[in-house]
Amino acid sequence: MCGIIGYTGQEPAKDILINGLKQLEYRGYDSAGIAVLDPKTGIVLKKKTGKVEELAKAASEDSTDATCGIGHTRWATHGGVTEANAHPHRQGNVTICHNGIIENYKELTTEYGLKNSLKSETDTEVVAALLDKFYEGNPFKTIKKVVDLLAGSFALCIIFDDQPGKIFAIRNVSPMVAASFEGGSIIASDLTAVINFSKKYFVVPEYHVLELSQEGIKVQDLKGRTVEPEILEVNWDITSAQKGGYPHYMLKEINEQPEAIERTVSPRVSDGLPYLEEDGIDDEVLANLKDIVIVACGTAMHAGMVGKSLIETKLRIPVTVEIASEFRYKDPIIDSSTLTIVVSQSGETIDTLEALRLAKQKGSKVLSIVNVKGSTIARESDYVLYTHAGPEIAVASTKAYTVQIAAMYIFAARLGLVKGVMSEDEAREFMARLSGVGELMQKTIEASDDIRRIANHIKNAPDVFYIGRGIDYTLSLEASLKLKEISYIHSEAYAAGELKHGTIALIAEQVPVIAIATEEHVYAKVISNVREVKSRGAYVILICPEGKVENKEVCDKQIFIPQVDSTFGVFATAVILQLIAYYTSDAKGLDVDKPRNLAKSVTVE
């Protein structure tokens, strides 16, 4: 959540910082600011509530050519959305940006008598005040002293007035990446703000102090020892993080799903069989597991539910899906015979990261399914399945969700083979079908006109309900979340068989009900449930396989997916559900890519 950018080099910093903040807008924010250290006039600070564009207008009034500065997009936690609470914060001779939450800021304020010097309601300004209070000319010594006092998560970028051309940084949990290049150095919350300057970067190690200058980046641990960080290389270019002619990132990313699936699946197929050796996942850990726990948040958790359905149905291995924020505060029943799978697009989701650490404490091996190379979750896991989706900029996840499901399917196929539940012929057939889902998705994307018309019908509805059974119910949960988060329509998903146990009371005249019925063995049951809501006046949209044509007594509109086994039909169905949410939001004139109150990567509790 929030976004940090820091630049020092030979070029004027102001525009570089503003452009960097624009690249980080998708992370979610409600105010923004920059601070540059001008050798002639000192710190020049600009902060605005609202969009980065407002900050850009305000900053254009300043003519500074300073070449060192920091910037921030804030998502409010401590204190309201005001310019005073926006970052950067300045105390005395210290200016900082901060992502994360300082849990003991009130105690520190009292203990060190800071209250009268604070101008904001934020926990961040307390850190700035402490740095200024203890500073005697040695940035490293001061930073070490202050972070030893802090409880919570933080990524800090710091400028000291008497250190021209230098930015200092340190982090705990909250992510930052950094890169040096000819003529300068840059640091940011994620790669989208760095890649214009260098494809080679490193993940800032926790509790290490960085000193960025025009000459490069110096990294030290808290004992003062110089550390050489692991240099990584971006495997996508900046155009992957641009709209490419689409009106919104979300629509672009929906259309990118067939290619993302191909990039995720094809490297894991050898002689037609699922192949995980290059991912470092040895067969021994699969052979010895007795049960699986999948831990994730939001959309990633819904992908985990699809994985659970597949593994339990096809392999008969027990799987539990846990909400990460609940899992980490309970005493989970796991041990060395359990494989914990954690799922996170960013690899930085704080609740999922803490759940991973708890699972390891309990003796469980951890496999992570993540999209970001070198992320904290990836580094702390025993095994990693990278999803190769490329950058996902829209807050509402689309391609990350479907590649997470694809990764679950590859894992399940290998597990089935190792456990002897699948024969080689069955595994080959499974992987062949999985390799073909991109074509099904593409076919669905190309037939989106009906979906657009349906979105126009439901855009003014106060409520929308999704129903389904089995794997379709898990898809309903994700569909409902998508509609809520980008169209702001109240939406709920229900297991279709549960309607008569209370929730059918919510059905009234013309209330939209989107029914998903792709599983043959329960198709007739779902249609019976559809008749129940239709007879009570609901406006029914039925998603089902080609050939299942129903009359007006059953539904008002039908959307067809290609005729395919429902195990693999989930990918085409997911596209339809994503497009319903997208076109509804667009029809309402909303900001599809940046829904209110939401952030792309949730790195605070």
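Above this text sits the structure in question.
Remember, predicted model here, so these are calculated numbers, not experimental data.

Visitor: I tried to follow the pairing of strand S22 (residues 463–468) on my own but got confused; where do I start?
Guide: In summary, the side chains of a regular strand alternate between the two faces of the sheet. The buried count for S22 comes to five of six residues, which makes it a mostly enclosed element. Summarising the sheet, S22 and strand S23 (residues 490–495) pair through six bridges and their orientation is parallel. For Gly468, the partnering residue across the bridge sits in S23 and is Ala495. The parallel pair S22 and S23, bridged by helix H17 (residues 471–487), forms a crossover whose chirality is right-handed. Both S22 and strand S24 (residues 512–516) contribute to a ladder of three bridges, which runs parallel. Residue pairing for S24: Tyr466 is matched across the bridge by Ile514.

Visitor: Could you clarify how one ought to interpret the side chain of Ser381 in this entry?
Guide: Take Ser381: it is sitting in the loop between helix H12 (376–380) and strand S21 (383–386). Within the local environment of Ser381, its side chain forms a polar contact with the backbone oxygen of Ile377, the two atoms lying 2.6 Å apart. Here Ser381 is in contact with Val342, Leu356, Val366 and Ser368, once residues within four sequence places are set aside.

Visitor: Is there a simple way to explain the sheet that holds strand S6 (residues 94–102) in this structure?
Guide: With antiparallel pairing, the six strands of this open sheet are ordered in space as S5-S6-S7-S8-S12-S13. The sheet terminates laterally at strand S5 (89–91) and strand S13 (216–221), the two strands that pair on one side only. Taking the axes of each pair of neighbouring strands and ignoring which way they run, one obtains an average angle of 20° across the sheet. Both S6 and strand S7 (residues 152–160) contribute to a ladder of nine bridges, which runs antiparallel. Across the sheet, residue Gly100 finds its bridge partner in S7, namely Phe154.

Visitor: Which parts of the structure should I look at to understand the sheet that holds strand S11 (residues 200–203)?
Guide: What links the strands of a sheet is backbone hydrogen bonding, and the strands pair in either a parallel or an antiparallel sense. Within the open sheet, the eight strands sit side by side as S3-S2-S4-S1-S10-S9-S11-S14. Their pairing is antiparallel. Since the sheet does not close on itself, it has two edges, and those belong to strand S3 (42–49) and strand S14 (232–233), each with one partner. By the bridge criterion, two bridges tie strand S9 (residues 177–181) to S11 in an arrangement that is antiparallel. Counted as the bridge partner of Val177 is Val203 from S11.

Visitor: Just to check I follow, could you spell out the nonpolar core for this structure?
Guide: Side chains that are nonpolar tend, in soluble globular proteins, to be buried together. Ranked by size, the top nonpolar core spans 95 residues in total, and within it Ile292, Ile341, Tyr409, Phe411 and Phe571 carry the most contacts. If near-sequence neighbours (up to four positions away) are discounted, Ile341 is found in contact with Ile292, Val293, Ile294, Val295, Leu367, Ile369, Met408 and Phe411.

Visitor: Looking at this structure, I do not really get helix H1 (residues 13–23). What am I missing?
Guide: In an α-helix, one full turn covers 3.6 residues, which means residues spaced three or four apart are oriented alike. Along H1, the residues that are buried comprise Ala13, Lys14, Ile16, Leu17, Ile18, Gly20 and Leu21. Taken together, the buried residues of H1 touch strand S1 (3–9), strand S2 (31–38), helix H2 (52–59) and strand S4 (68–74).

Visitor: Looking at this model, I keep getting lost on the pattern of salt bridges. Mind explaining?
Guide: Opposite charge on two side chains permits them to pair, given that their charged atoms come into close proximity. All chains considered together, the criterion is met by 31 salt bridges. Salt-bridge contacts for Lys482 lead to Glu485; the nearest nitrogen and oxygen are separated by 2.9 Å. Taken as a pair, Lys482 and Glu485 lie in helix H17 at a separation of three residues, close to a single helical turn. Using a relative accessible area of 2% as the deciding quantity, one classes Lys482 as buried. Linked through salt bridges whose partners overlap, the residues forming this network are Arg171, Glu206, Glu354, Arg357 and Glu380.

Visitor: Got a minute to help me understand helix H9 (residues 298–315) in this structure?
Guide: Across its 18 residues, H9 extends 25 Å between first and last C-alpha, which sits within 8% of the 26 Å expected from 1.5 Å per residue. Thr299, Ala300, Met301, His302, Ala303, Gly304, Met305, Val306, Gly307, Leu310, Ile311 and Leu315 are the residues of H9 that are buried. Note on H9: the residue one or two positions beyond its end, Arg316, has a positive phi of about 60°.

Visitor: When you look at the environment of Pro175 in this model, what are you seeing that I'm missing?
Guide: Examined against the element boundaries, Pro175 turns out to sit in the loop between strand S8 (167–172) and S9. For Pro175, a relative accessible area of 7% corresponds to the buried category. In this structure the C-alpha to C-alpha distance between Pro175 and Glu206, which are 31 residues apart in sequence, comes to 8.9 Å.

Scoring rules and cut-offs
- Residues numbered from 1 in each chain as written.
- Predicted model: local features only at pLDDT ≥ 70, side-chain atom pairs only at ≥ 80, totals over all residues.
- Heavy atoms only, no water.
- Buried < 20%, exposed > 50% of the residue type's maximum accessible area, 1.4 Å probe, protein only.
- Helix = DSSP H or I, 4+ residues; strand = E, 2+ residues; numbered from the N terminus.
- Pairing = 2+ DSSP bridges.
- Right-handed = clockwise from strand over helix to strand, strands pointing away.
- Polar contact = N/O pair within 3.5 Å; in protein donor to acceptor, adjacent residues only side chain to side chain.
- Contact = heavy atoms within 4.5 Å.
- Axes fitted to C-alpha atoms, helices over the stretch in contact; angles between N-to-C directions.
- Core = buried A, V, L, I, M, F, W, Y, C linked by side-chain atoms within 4.5 Å.
- Salt bridge = Lys/Arg side-chain N within 4 Å of Asp/Glu carboxyl O.
- Expected span 1.5 Å × (residues − 1).

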